[in-house]
Amino acid sequence: MIASLKRAIVHILDANSGVSVYSEEELDVTDASINSFITKHIEKVFEDASMRNAEFSENSGFKYHLAEYIKDENYFITMSKFIAQRVYEGVTQSDKPDSSDLIVCDCMINERPLLAVLKCENKIGYTHQVLQDDGKVKNQIINHYAILPTTSQKIAECAFIFEDDFSIKYLGKKRKIDGETTDLIADVLLECIYDISSRESVNAVCKIAKKVTEENGGDTIETLSKMKEYITENIEEGETEFIDTEQVADKIFDGKPGMKSEFIDKIEKANVPQKVEVNSYVTKKLASNVKIVTDIGVEVIFPAEYYQNNEYIEFINNDDGTISIQINNIGEVINK
């Protein structure tokens, strides 16, 4: 994924001091350091599994201003000020106001034009200051209260709106605004209707599968292993793919129609879509090894395909109700 900037602007929103500074000029995106700072932040967060897909509500003010900008490129600064003001209003009315620099930029990602809004929350850091004391130079270390997040840090609140179809991807977090739990980006800024994220959907699928298994006296380790087998068998590494929840039900609860039906019913009630879009990060995590933590403090990690393969690992149910784990065919033991 490559992001390229067309134009950008930054507004200062200091909710702690009650001062906001709205820029009248755009940033110079031909400046290598500015360009690199913004594009790296975009590329770091754009494909994050916590991103939600959304669509504008009918009377969204954001949608109106974006449409005006698409008709007239000279409207960019006016639109960016509206965005900054909406964010500032929401932050100042929240129970925990924070200060941030708000970057609004028009860019291209994967050859599609989009508008990006990055809320860069300010951090407290340290910097040096050079003073003159009785004619002598004195170097001092001071607090700096407006440090931007480094490019190695992920921005917690942002939005990407594709200009060709007005579809939305955003990342937000909940806060109390006027006593109500509110998502600043979705509810205040964008005024949109959103789905649960890929990460939330995948976590819901795993939790529901485990719960259905436990409630019916099944083997949760077997359920987890079959889930990982499904991922390994059906999703190619490095591409955006889908987890089909009905296929997951067929795989995990094969021969158990009652549990399968219960699983599908709980998935629908949790508003998890039948096809959950996932990226390579999620698939790698899901397809990773099975980890078992025992009540005696011993942890066992093994590939999912080794479960129920006695050639490598055996789970033995003892007469006294305890379980023994036997590992077979070990060629070498390495102390790490």
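Residues numbered from 1 in each chain as written. Predicted model: local features only at pLDDT ≥ 70, side-chain atom pairs only at ≥ 80, totals over all residues. Heavy atoms only, no water.

The protein chain has the name Nucleoid-associated protein in an unreviewed UniProt entry, where Hominilimicola fabiformis is given as its organism.

## Notes on the sheet that holds strand 2 (residues 19-21)
Across the sheet, eight strands lie side by side as 2-1-4-5-8-9-3-12; this open sheet has antiparallel pairing. Of all the strands in the sheet, the pair left with one neighbour each is strand 2 and strand 12 (192-194). If you compare each strand with its neighbour and ignore which way they point, the axes differ by 25 degrees on average. Taken together, the 11 bridges between strand 1 (residues 3-14) and strand 4 (residues 99-109) define a ladder with antiparallel strand orientation. Bridge pairing in strand 4 places Ile9 opposite Val104. Most of the contacts of helix 2 (residues 61-71) go to strand 5 (residues 112-121), to which it runs at about 130 degrees, and overall it touches strand 1, strand 3 (52-56), strand 4, strand 5 and strand 8 (157-162). Lying over the sheet, helix 3 (residues 76-92) contacts strand 1, strand 2, strand 4 and strand 5, oriented at roughly 45 degrees with respect to strand 1. (Pairing = 2+ DSSP bridges. Helix = DSSP H or I, 4+ residues; strand = E, 2+ residues; numbered from the N terminus. Axes fitted to C-alpha atoms, helices over the stretch in contact; angles between N-to-C directions. Contact = heavy atoms within 4.5 Å.)

## A few points about the pairing of strand 8
Of all six residues in strand 8, six are buried, a share of seventy percent or more. Both faces of strand 8 are covered, namely the face carrying Glu157, Ala159 and Ile161 and the face carrying Cys158, Phe160 and Phe162. Where strand 5 and strand 8 come together, six bridges link them in antiparallel fashion. Across the sheet, residue Lys119 finds its bridge partner in strand 8, namely Glu157. The pairing of strand 8 with strand 9 (residues 168-171) spans four bridges and is antiparallel. If you follow Phe160 over to strand 9, its bridge partner there is Lys169. Hairpin connection, strand 8 to strand 9: the antiparallel pair is bridged by five residues, and Phe166 has positive phi, about 65 degrees. (Buried < 20%, exposed > 50% of the residue type's maximum accessible area, 1.4 Å probe, protein only.)

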